[in-house]
Amino acid sequence: MIYLSPSILSADLLQLKEQVLKVEASGADFIHIDVMDGHFVPNLTFGANMVKALKSIVKIPLDVHLMIEKPELSLHQYAQAGADIITVHQEACVHLHRTLQTIRSLGVKAGVSLNPATPVSTLEDVLDELDLILIMTVNPGFGGQKFIQSALQKIQYARKLIQNSPHEILLEVDGGITPETASQVVAAGANVLVAGNAVFAQPDMAQAIQNLRNAV
Ligand code: DX5
Ligand code: ZN
């Protein structure tokens, strides 16, 4: 099973409700919400109020990607707003183990994201505490960037680690996903594909989702 998680970063914010309902009706599995704080990444986007607003209109799970410093200070806000998955960045967490335990204690699936320069091996000692590994396939901060090919080896390595885990761990990729790169990341072992431009920037979003599905 390959899950698609369209990222609203590339949506037309003036038509967000229609666009999100459209991707849900077109078979998206999750809605990916990119939270950026202007510090961990140079861009500033949405907060927990966006999660809450989207929760009131969609039925599919909300996949919240926190590109923020000190995420441990606001986990409860995102959980309360209705996040189903909360992914923090390894690079932003001094006490990653405790942060993952906190996310799970809030009844939310716990994810960890790795920037392109961060090795997968940094997660070996927290595998029991996480439900999702997110390999960034671009440097986080912006939509529409070019896929970084060296990430494919990281996906393969993460898949190996996951195979030895006694519980289910999703393997997500984010950045530069197109029908072409989608087939590469799935071959490498990914099973959740985030797509911003490849869905929301396309004239026919239903067809764009179908194109990604056909590619994998
Ligand atoms: C980038 C974000 C991504 C972004 C992907 O920092 O984490 O979720 O929306 O956009 P595309 O798919 O256009 O590269
Ligand atoms: Zn993201």
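Use the structure listed above.
The present account deals with the structure reproduced in this document. Since the model is a prediction, treat every value here as computed from it, not as a measurement. (Residues numbered from 1 in each chain as written. Chains lettered and ligands numbered in written order. Predicted model: local features only at pLDDT ≥ 70, side-chain atom pairs only at ≥ 80, totals over all residues. Heavy atoms only, no water.)

Some thoughts on unusual backbone geometry
Among all residues save glycine, negative phi is the norm, and among peptide bonds the norm is trans.
Turning to step 1, where the next piece is worked out: A positive phi is found at lysine 70, a non-glycine position, where the angle reads about 45°.
Turning to step 2, where the next piece is worked out: Along the chain, the position of lysine 70 falls in the loop between β3 (62-67) and α3 (75-81).
Turning to step 3, where the next piece is worked out: Overall, lysine 70 belongs to the exposed group, its relative accessible area being 52%. (Helix = DSSP H or I, 4+ residues; strand = E, 2+ residues; numbered from the N terminus. Buried < 20%, exposed > 50% of the residue type's maximum accessible area, 1.4 Å probe, protein only.)

A look at the coordination of the zinc ion (ligand 2)
Turning to step 1, where the next piece is worked out: Taken together, His32 (NE2), Asp34 (OD), His65 (ND1) and Asp174 (OD) make up the protein donors of the zinc ion (ligand 2), found 2.0 to 2.3 Å from the metal.
Turning to step 2, where the next piece is worked out: Geometry at the zinc ion (ligand 2) is octahedral, judged from the 6 donor atoms that bind it and their angles of 70 to 167° at the metal.
Turning to step 3, where the next piece is worked out: Coordination of the zinc ion (ligand 2) draws on donor residues from a single chain, spaced H-x1-D-x30-H-x108-D in sequence.
Turning to step 4, where the next piece is worked out: We classify histidine 32 as buried; its relative accessible area is 0%.
Turning to step 5, where the next piece is worked out: A relative accessible area of 4% places aspartate 34 in the buried class. (Donors = N, O, S within 2.8 Å, 3.2 Å for Na, K, Ca; no water. Tetrahedral: all angles 85-135°; square planar, octahedral: opposite > 155°, others 65-115°.)

Description of the packing of aromatic side chains
We describe a pair of aromatic rings using the distance from one ring centre to the other and the angle between the two ring planes.
Turning to step 1, where the next piece is worked out: Under the definition given, this model contains 1 aromatic pair.
Turning to step 2, where the next piece is worked out: On the numbers, 5.4 Å between centres and 15° between planes, the contact of tyrosine 3 with phenylalanine 30 is stacked. Highlighted residues: tyrosine 3 in strand β1 (residues 3-6) and phenylalanine 30 in the loop between α1 (16-25) and β2 (31-36), separated in sequence by 27 residues.
Turning to step 3, where the next piece is worked out: With relative accessibility at 8%, the residue phenylalanine 30 sits in the buried group. (Phe/Tyr/Trp six-rings, centres within 6.5 Å; stacked < 30°, edge-to-face > 60°.)

Quick look at the pattern of salt bridges
Turning to step 1, where the next piece is worked out: What the rule picks out here adds up to 3 salt bridges.
Turning to step 2, where the next piece is worked out: Among the salt bridges present, the one from aspartate 84 reaches lysine 55, with a minimum N-O distance of 2.9 Å. Pair noted here: aspartate 84 is in the loop between α3 and β4 (85-89) and lysine 55 is in helix α2 (residues 48-55), with a separation of 29 residues, a long-range link.
Turning to step 3, where the next piece is worked out: Judged by its relative accessible area of 32%, lysine 55 falls in the partly exposed class. (Salt bridge = Lys/Arg side-chain N within 4 Å of Asp/Glu carboxyl O.)

Points about the site of ligand 1
Turning to step 1, where the next piece is worked out: Near ligand 1, the surroundings consist of 20 residues, among which Ser7, Asp34, Gly141, Asp174 and Gly196 are the closest.
Turning to step 2, where the next piece is worked out: One of the side-chain N or O atoms of histidine 32 is found 3.4 Å from an oxygen atom in ligand 1.
Turning to step 3, where the next piece is worked out: Within the contact set of ligand 1, an oxygen atom lies 2.7 Å away from a side-chain nitrogen or oxygen of aspartate 174.
Turning to step 4, where the next piece is worked out: About the coverage of ligand 1: the protein hides 99% of its 380 Å² of free accessible area.
Turning to step 5, where the next piece is worked out: Elements with a contribution of two residues or more to the shell around ligand 1: β2, β3 and β8 (192-195).
Turning to step 6, where the next piece is worked out: Of the residues forming the shell around ligand 1, the biggest block, 3 residues, is contributed by β2.
Turning to step 7, where the next piece is worked out: For the shell around ligand 1, the per-class residue count stands at 8 nonpolar, 10 polar and 2 charged. (Near = heavy atom within 4 Å. Polar contact = N/O pair within 3.5 Å; in protein donor to acceptor, adjacent residues only side chain to side chain. Areas by Shrake-Rupley, 256 points an atom, 1.4 Å probe, with all protein chains shown as cover. Nonpolar A, V, L, I, M, F, W, Y, C, P; charged D, E, K, R; others polar.)

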